[in-house]
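# Topology and contacts: notes
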Amino acid sequence: MNYTVNSFDFLIVGGGVIGLSIARELHKRGGRNIGVLERGHVGKEASWAAAGMLSPDIEADLGSEFHRFCRRSLEMYPALAEELKGETGIEIELDRSGTFCLSFDDDDSLREIYARQIEDGVRVDLVSSSDISKAEPSISQSVCEGLFYQSNWQVENRKLLQALRTYCELNGIRIFESMPIESLMIESGKVSGVETADSRIGAENVVIATGAWTSLIKIAGSTFPVDIKPVRGQMIAFKPEMRLIRSVVHSSQGYLVPKRDGRILVGATSEDVGFDKVVTTEAVERLYSTAVKMVPALDGAEIVDSWSGLRPCTEDKLPVIGEFPGYKNLTVATGHYRNGILLAPLTAVVIADNLIDNVSFRYAFAPSRFLGETTAASV
Ligand SMILES: Cc1cc2nc3c(=O)[nH]c(=O)nc-3n(C[C@H](O)[C@H](O)[C@H](O)COP(=O)(O)OP(=O)(O)OC[C@H]3O[C@@H](n4cnc5c(N)ncnc54)[C@H](O)[C@@H]3O)c2cc1C
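As the structure is a computational prediction, the values presented were derived from the model and not from experiment.

Here the structure, examined in full by the defined rule, presents 24 salt bridges. We note a salt bridge from K159 to E93, for which the minimum N-O separation is 2.6 Å. Highlighted residues: K159 in helix α8 (residues 157-170) and E93 in the loop between α5 (77-88) and β4 (99-103), separated in sequence by 66 residues. By relative accessible area, K159 is classed as partly exposed at 29%. Residue classification places E93 among the buried positions, given a relative accessible area of 13%.

Turning next to a negative patch on the surface. On the surface, a cluster of negative charge is contributed by D105, D106, D107, D108 and E112. Here D106 shows up in the loop between β4 and α6 (109-119). On the basis of relative accessibility, which here comes to 75%, the residue D106 falls in the exposed class.

Time to look at the site of the ligand. In the neighbourhood of the ligand, 37 residues make up the surrounding shell, with E38, S47, M53, I181 and Y337 lying closest. The backbone of I18 places a nitrogen or oxygen atom 3.2 Å from an oxygen atom of the ligand. Here I181 contributes a backbone N or O atom positioned 2.8 Å from a nitrogen atom of the ligand. Taking 1,000 Å² as the accessible area of the ligand by itself, protein coverage stands at 98%. When residues of the shell around the ligand are traced back to their parent elements, those giving at least two are α1 (17-28), α2 (46-49), β14 (229-238), β18 (303-313) and α10 (340-357). In the shell around the ligand, the residues fall into 20 nonpolar, 12 polar and 5 charged.

The next thing to look at is empty space enclosed by the protein. Taken as a whole and assessed by the stated rule, the structure comprises 1 cavity of 30 Å³ or more. Considering the residues around the largest cavity, the lining is formed by V350, D353, V359, S360, F361, R362 and Y363.

This part takes up the domain arrangement of the protein chain. Interface size is commonly expressed as the accessible area that is lost once the parts come together. On domain assignment, one finds that the protein chain holds domain 1 (2-52 + 158-225 + 316-378) and domain 2 (99-150 + 230-313). For domain 1 and domain 2, the distance between their C-alpha centroids amounts to 32 Å. Listed per partner, the contact involves 18 residues of domain 1 and 18 residues of domain 2. Carbon and sulfur atoms supply 63% of the area buried between domain 1 and domain 2, which totals about 1,400 Å² over both sides. When the buried surface of domain 1 facing domain 2 is broken down by residue, A51, A212 and Y337 rank first, second and third, together holding 40% of it. Counting every contact that joins domain 1 to domain 2 gives 1 salt bridge. Scanning the region where domain 1 abuts domain 2 turns up 4 residue pairs in polar contact (both at pLDDT 80 or more). No other element matches the 3 residues that α2 contributes to the side of domain 1 that touches domain 2. When the residues that make up the side of domain 1 that touches domain 2 are grouped by side-chain class, the tally is 9 nonpolar, 5 polar and 4 charged.

One open sheet holds the 8 strands; their spatial order is β5-β6-β4-β15-β16-β17-β14-β18, and the pairing between them is mixed. Of all strands in the sheet, those bounded by a partner on one side alone are β5 (125-128) and β18. For this sheet the average axis-to-axis angle between neighbouring strands, irrespective of direction, equals 25°. Sheet topology places β4 next to strand β15 (residues 248-251); 3 bridges connect them, and they run parallel.

How each quantity is defined
Residues numbered from 1 in each chain as written. Predicted model: local features only at pLDDT ≥ 70, side-chain atom pairs only at ≥ 80, totals over all residues. Heavy atoms only, no water. Salt bridge = Lys/Arg side-chain N within 4 Å of Asp/Glu carboxyl O. Helix = DSSP H or I, 4+ residues; strand = E, 2+ residues; numbered from the N terminus. Buried < 20%, exposed > 50% of the residue type's maximum accessible area, 1.4 Å probe, protein only. Patch = residues over 30% accessible without salt bridge, like charges linked within 9 Å, V, L, I, M, F, W, Y side chains within 5 Å. Areas by Shrake-Rupley, 256 points an atom, 1.4 Å probe, with all protein chains shown as cover. Lys, Arg positive; Asp, Glu negative; His and termini not counted. Charge placed at Lys NZ, Arg CZ, Asp CG, Glu CD. Near = heavy atom within 4 Å. Polar contact = N/O pair within 3.5 Å; in protein donor to acceptor, adjacent residues only side chain to side chain. Nonpolar A, V, L, I, M, F, W, Y, C, P; charged D, E, K, R; others polar. 1 Å grid on protein atoms, 1.4 Å probe; cavity = no way out; pocket = protein on both sides within 12 Å on 5 of 7 lines; lining within 4 Å. Points joined across faces, edges and corners; volume = space filled by probe spheres on them. Domains from an automatic or database assignment. Contact = heavy atoms within 4.5 Å. Buried area = accessible area lost by both parts, 1.4 Å probe. Pairing = 2+ DSSP bridges. Axes fitted to C-alpha atoms, helices over the stretch in contact; angles between N-to-C directions.

In structure tokens:
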């Protein structure tokens, strides 16, 4: 075993949108001597594969603590976009055109959602097929009606990752790539650092932000006791010559996300296939026909790209954010499942509130909910 000379005040394991956002926030709040350890290349896993939608009102159960968490995180985006532009010169392409949720079948489900959301105070409009055609003329004439969410936005997540990485590089946050962490070192009931196959790195505070791979990390010789499953999402992209849609468009079968560079992303599958990231012909065909059903002008258009990513999913599909019971200097920020891009800003703030300002976690996403009777001492 090689002992490295590095020892960090804050060591973040995992360089996706969550790990990088936490590194930046810790630094902005005065944290120093920060390291990010990444198994492969920073920002090339789920955070890169995502569509960049910021849709709290479509993704979260309304009225829930999770919905409030999603909304608060969304509201941080305009300031975040401005700050990152100033800090790094990179424009993360926050697009506030809004999001449609459309019905192509004559059923009442959207009306039920509308009634419930209005009661819950969500800003949503019920829109007729002619309203939709006026706003988005390329949407299929077979659309029946829809909901429009002016305050559900999108961002270019790959630019966001680039900006976060640049922030780290400009501010002395050390990034180590090709550095897979295998286990956490424990000394006198405290996490003293992390181990790779052939080295050890010391740390005062460790943050686990390893997305879909979290359960593979060992702690005190045992499997990490928070069960995170990878859920594969496959996507395709078109780049039509004309701009066909302006807003994000959802239907029951999938979604279309128009990007500033002219691409339209089409997503996504949701598959329980372990860590396999292969793109399948079947999924590509299904996404293609979903896109054509929603926007017939895409029929015959070339697919310019296809990819997949692994969403980190917990048993209850909620994130795991907070102190690991029994180890005050071990924090977990993972399990963001379908909403990690949306939730990155607020996740980073609550972790920094705790690590820099000693504020306890106030949300119901604590790792302890999965540990039952198990205590840190017994894992
Ligand atoms: C197809 C698809 C579409 C999506 N669309 C959206 C969307 O529109 N909006 C939205 O909000 N969310 C979306 N998501 C979800 C979002 O991408 C994830 O919730 C988010 O990226 C999770 O971020 P993360 O940093 O936890 O994970 P990741 O980006 O996967 O980062 C985790 C990092 O940890 C590293 N790592 C793992 N194990 C180790 C180890 N042992 N040692 C060192 N490093 C390690 C990995 O290599 C990886 O780089 C989508 C996901 C997919 C797959």
